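# Chain and residue survey
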Amino acid sequence: MDKAQNILKVVFGYDSFRPLQKEIIQNVLNKKDTLVIMPTGGGKSLCYQIPALIFEGLTVVISPLISLMKDQVEQLKQLGIKTALLNSSLSQYDYKINFENVKNQKVKLLYLAPESLMKNDIADLLKSIRLDCITVDEAHCISEWGHDFRKEYRQLGNLRNSFPSAVCIGLTATATPRVQEDIIKNLNLATPGKFLASFNRENLFLNVIPKRDAFQQAVDFLNDHKNQSGIIYCFSRKQVDNLHDDLSYLGFSTKPYHAGMTDEERNKNQDLFIKDEVQIIIATIAFGMGINKSNVRFVLHYDLPKNIESYYQEIGRSGRDGLRSDCLLLFTYSDIAKINYFIDQKEDDKERLVAKAHLNAMIKYAESEICRRHPLINYFGESYQIDYCGMCDNCLVEEKEMTDITIPAQKFLSAVRRTGEVFGANYIIDVLLGEESDRIFHNGHQNLSVYGIGKELNKKQWQTLVHQFVRKEILIRDLEFGSLKLSQKSSNILLNKEKVLGFVRESQTSTKKLKLSKGKEETYDIELFELLRKKRKELADNKNIPPFVIFSDKTLIQMAADFPQSEKELLNISGVGKNKLENYGSIFLTLIKSYCTRKNISAKTPALQHTAASKLKLKNNSDLRHIIVGEAFNKGNSIDKLAEEYNVKSQTIITHIERYANEGNKIRTDGLKEKISLPEIEHKKVFEAFKEDGTSTLSNIFEKFNKEISYIDLHLLRIIYLNDHT
Ligand code: ADP
Ligand code: MG
Ligand code: ZN
């Protein structure tokens, strides 16, 4: 294991393992078959790449997509690892050279498509050399129960039997037990060690807002993510094309991707996206499987996904580098009807029911008012125990006082009754607002007494109220048609026998208010980052490889925060290993040094940098609550007192303080300590863990201490730790 740790640092440039990586590598090195289930971006590749470098013989990696393979091989080559691939995309000449290199044992990792294994020349080649490890990436492709079955994968079982002395690893991001069983059975894994990582992706910010003017909402969202890579998912091909036309007309860098295009067009657009030449891909669900791009910063769901599994896969394509990424879903009840229409085309009764149940779980997620990580992660059978993640809209919305909403409820219920209990929420709202639509006139509903009696609230406020009515079962929503019906509880309310309490939200026009900075790495010099990015793109274009293969965004951001001045300092940056230092170190160092000279940045003075950076940030952010809270706290007010004063949970106050501290402000730590339940003598252990594992995620620390230290304590300890170490 010392060897593994050393390779992690020297070759990959990383300081510590992610959760489970160490245990998995240990198991593989002991030549025990292994099944790894980890979400996208969890770091599965390292689990076979590091053993491959330790084993004497060859490691074969089976991967379903040629495009994915090419990127991975390129990434490994950049790290100085001897890697080859053999597949039909190669010229005869390249094929021959790679073949010879494997034969002469000049290669540590060989990437193959499953069908290549059936070829005689390759089968013979593998038999003629020492094969230590067989890795099957995207192993769910072997199961007919997965969403991505490939028949070529079926032949892989024989492979395992032909090489009894090699260890076999299956890797997947699919969590269903049925698929896991299939993998073990079909790959003939011998009593495998099974490693199931948490499906919580802490760096994804989850946000759902009611869809009103979808196009304008999309434009606002994109304007908040200028110069960043992202994906927009739509329901239909036509919508993809329209949105692409409209957004590119406004100057956004977009390309479409859907099944109605030729393979060639699709590959071209995907390639432009991977190479950072196009910022935004607008796609139907077909897009993303072959994408290894680490710096996707946002995913916008323009329409409701059909089920949680696809939603999770799609948002999971962002933030692979571990940096924050924004996932926004535009939600409206009328999308449900669209999906139901397609479900109803299914002939098989059971299939139809399953699809409806899946859709229902998705709707529940979208309607949820508690932390979004609960419905999401529980869906995968994992119990999520934290009340407050701090990285979803529901956790960040300030709790407001419940108010009496009986009158709006009565108005709404009467409108439902008068229109015959056959319409959906949006139509009823239009009636209450007195909209002059054809549909209303056609139905003669402009003559109803309820027409136009709801103008004191806007459309969005009504929509959030409807969510609450449905949740409180004052109204029943028909799952099939989305229409609203009265329930048993309705009559008491209409008769004024019962009051309704709930929230009326202020009209929130954009998603800006919810922004929160998380983790230290976000305070960096934006100008320098852009320079580094430009240089990276130039180098990548010369070599015809994707930019993230050279350095990830995360690595560049850290350079722009730490201003390394020497090779030694550069090696301290996560993602800079020996080989990359040799190839690119001097180019990037020169750039950083000349920038520092120009800007008069002499030595590393983190405190000052942070203040400068936080000023930059403030300009873009009108929400100053955390500063007010931070200052009040420093003046001696306790967390509990502030929570009372602002009428929020104390966790919200802690989030504000954390943000205030992250922006480089010193914090009164005694006030934090009084809130920590862990005895003070134990704090050191946690600080040691921060030192070892870094502070960007808390979940590995949480696991490290066997879930015995609460997240609140960990948040507080992290603030103290960072306060003392910057
Ligand atoms: P997966 O195959 O599980 O989707 P990858 O293996 O592609 O994920 O890893 C995702 C990203 O995380 C890659 O950029 C990888 O280099 C990075 N990564 C993996 N392990 C670590 C680690 N221990 N420390 C830092 N970064 C890591
Ligand atoms: Mg992978
Ligand atoms: Zn949350």
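Just above sits the structure.
Fair warning: this is a prediction, and the values are worked out from it, not measured in the lab.

### Here's the deal with the site of ligand 1
- For ligand 1, the set of nearby residues contains 15 residues, the closest of which are Tyr 14, Ser 16, Gly 41, Lys 44 and Ser 45.
- With respect to ligand 1, the backbone of Gly 42 contributes an N or O atom lying 3.4 Å from an oxygen atom.
- Residue Lys 44 places a side-chain N or O atom 2.8 Å away from an oxygen atom belonging to ligand 1.
- Against a free-state accessible area of 570 Å², the protein chains account for coverage of 83% of ligand 1.

### Some details on helix H24 (residues 553–562)
- Counting buried positions along H24 gives seven out of 10 residues, so the element sits mostly inside the fold.
- For H24, every residue scored as buried is listed here: Asp 553, Thr 555, Leu 556, Ile 557, Met 559, Ala 560 and Ala 561.
- One or two residues past the end of H24 sits Phe 563, with phi positive at roughly 45°.

### Comments concerning the state of the cysteines
- One pass over the structure, following the stated rule, counts zero disulfides.
- Its sulfur unpaired, Cys 234 is 16 Å from the next cysteine sulfur, which belongs to Cys 327.

### A short note on the coordination of the zinc ion (ligand 3)
- Distances from the zinc ion (ligand 3) to its protein donors, namely Cys 371 (SG), Cys 389 (SG), Cys 392 (SG) and Cys 395 (SG), fall within the range 2.3 to 2.4 Å.
- Taken together, the four donor atoms surrounding the zinc ion (ligand 3) define angles of 101 to 119° at the centre, an arrangement classified as tetrahedral.
- Each donor residue of the zinc ion (ligand 3) belongs to the same chain, with the gaps between them written as C-x17-C-x2-C-x2-C. Placement of the pair is Cys 371 in the loop between helix H14 (349–367) and helix H15 (373–379) and Cys 395 in helix H16 (residues 393–396), with a sequence separation of 24 residues.
- Residue Cys 371 is classed as buried on the basis of its relative accessible area of 4%.

### Considerations on the pairing of strand S5 (residues 131–136)
- For S5, a buried count of six out of six residues is recorded, marking the element as mostly surrounded by other parts of the structure.
- Pairing geometry for S5 and strand S6 (residues 167–172), over four bridges, is parallel. Residue pairing for S6: Cys 133 is matched across the bridge by Val 167.

### What about the sheet that holds strand S2 (residues 58–62)?
- The strand order across the open sheet built from seven strands is S3-S4-S2-S5-S6-S1-S7, with neighbouring strands paired in parallel fashion. The sheet terminates laterally at strand S3 (83–86) and strand S7 (193–196), the two strands that pair on one side only. Geometrically, the sheet is characterised by an average inter-axis angle of 20° between neighbouring strands, direction not taken into account.
- Alignment of strand S1 (residues 34–37) against S6, held across four bridges, turns out to be parallel. Its bridge partner being in S6, Leu 35 is matched across the sheet by Gly 170.

### Topic: the packing of helix H13 (residues 333–344) against H14
- Close contact between H13 and H14 brings their axes to 10 Å; oriented N to C, the two are set at 165°. On the basis of their axis angle, the class for H13 and H14 is roughly antiparallel. The handedness of the crossing between H13 and H14 is right-handed. Between H13 and H14, the contacting residues are Tyr 333, Ile 336, Ile 339, Asn 340, Ile 343 and Asp 344 on the first element and Arg 352, Ala 355, Lys 356, Leu 359, Ile 363 and Glu 367 on the second.
- A class-by-class count of the residues in the contact of H13 with H14 yields seven nonpolar, one polar and four charged.

### Examining the nonpolar core
- Membership of the largest hydrophobic core comes to 170 residues, with the highest contact counts inside it found for Phe 412 and Met 559.
- Once you skip the residues sitting within four places of it in the chain, Met 559 turns out to touch Leu 528, Leu 532, Phe 551, Pro 564, Leu 570, Ile 573, Val 576, Phe 588 and Ile 592.
- In terms of nonpolar packing, the next biggest core, distinct from the first, is built from 33 residues, Leu 46, Cys 47, Ala 52 and Phe 195 among them.

### A few points about the environment of Lys 499
- When you line up the elements, Lys 499 lands in the loop between helix H21 (488–494) and strand S17 (501–502).
- Assessed through its relative accessible area of 62%, Lys 499 is described here as exposed.
- For the pair Lys 499 and Gly 170, spaced 329 residues apart in the sequence, the C-alpha separation amounts to 57 Å.
- Among residues more than four places away in sequence, those in contact with Lys 499 are Asp 404 and Thr 406.
- Here the side chain of Lys 499 touches Asp 404 through a polar contact of 3.2 Å, side chain to side chain.

### A word on the sheet that holds strand S8 (residues 204–210)
- With parallel pairing, six strands are arranged side by side in an open sheet as S8-S13-S12-S9-S11-S10. A strand with exactly one partner marks an edge of an open sheet, and here the two such strands are S8 and strand S10 (254–257). Averaged over all neighbouring strand pairs, the angle between strand axes comes to 15°, with direction disregarded.
- Two strands pair when backbone bridges link them, and strand S9 (residues 229–233) and strand S11 (residues 280–283) are joined in this way by four bridges, in the parallel orientation. Directly across from Ile 231, in S11, lies its bridge partner Ile 281.
- Packed on one face of the sheet, helix H9 (residues 214–223) meets S8, S9, S11, strand S12 (296–301) and strand S13 (325–331) and runs near 170° to S12.

### Quick word on the packing of aromatic side chains
- Applying the stated rule across the entire model yields 19 aromatic pairs.
- In this arrangement the basic side chain of Lys 293 is found over the ring face of Phe 273, its NZ or CZ atom lying 5.0 Å from the centre.
- Sitting over the face of the ring of Tyr 365, Arg 372 holds its NZ or CZ atom 5.7 Å from the ring centroid.

### Things to note about the pattern of salt bridges
- One pass over the full model with this rule turns up 36 salt bridges.
- The closest approach of N and O atoms between Asp 271 and Lys 275, which form a salt bridge, is 3.6 Å.
- The class of Asp 271 is partly exposed, set by a relative accessible area of 37%.
- A salt bridge links Asp 321 to Arg 297; the nearest nitrogen and oxygen atoms lie 2.8 Å apart. Here the residue Asp 321 occupies a position in the loop between helix H12 (308–315) and S13, and Arg 297 occupies one in strand S12, the gap between them amounting to 24 residues. Across the pair, exposure class does not vary: Asp 321 and Arg 297 are buried alike.
- Shared partners join several salt bridges into a network, and the residues in it are Lys 31, Glu 56, Arg 130 and Asp 132.

Rules behind the numbers
- Residues numbered from 1 in each chain as written.
- Chains lettered and ligands numbered in written order.
- Predicted model: local features only at pLDDT ≥ 70, side-chain atom pairs only at ≥ 80, totals over all residues.
- Heavy atoms only, no water.
- Near = heavy atom within 4 Å.
- Polar contact = N/O pair within 3.5 Å; in protein donor to acceptor, adjacent residues only side chain to side chain.
- Areas by Shrake-Rupley, 256 points an atom, 1.4 Å probe, with all protein chains shown as cover.
- Buried < 20%, exposed > 50% of the residue type's maximum accessible area, 1.4 Å probe, protein only.
- Helix = DSSP H or I, 4+ residues; strand = E, 2+ residues; numbered from the N terminus.
- Disulfide = S-S within 2.5 Å.
- Donors = N, O, S within 2.8 Å, 3.2 Å for Na, K, Ca; no water.
- Tetrahedral: all angles 85-135°; square planar, octahedral: opposite > 155°, others 65-115°.
- Pairing = 2+ DSSP bridges.
- Axes fitted to C-alpha atoms, helices over the stretch in contact; angles between N-to-C directions.
- Parallel < 35°, antiparallel > 145°, perpendicular 65-115°, else oblique.
- Left-handed = near helix turned anticlockwise from the far one by under 90°.
- Contact = heavy atoms within 4.5 Å.
- Nonpolar A, V, L, I, M, F, W, Y, C, P; charged D, E, K, R; others polar.
- Core = buried A, V, L, I, M, F, W, Y, C linked by side-chain atoms within 4.5 Å.
- Phe/Tyr/Trp six-rings, centres within 6.5 Å; stacked < 30°, edge-to-face > 60°.
- Lys NZ or Arg CZ within 6 Å of the ring centre and 35° of its normal.
- Salt bridge = Lys/Arg side-chain N within 4 Å of Asp/Glu carboxyl O.

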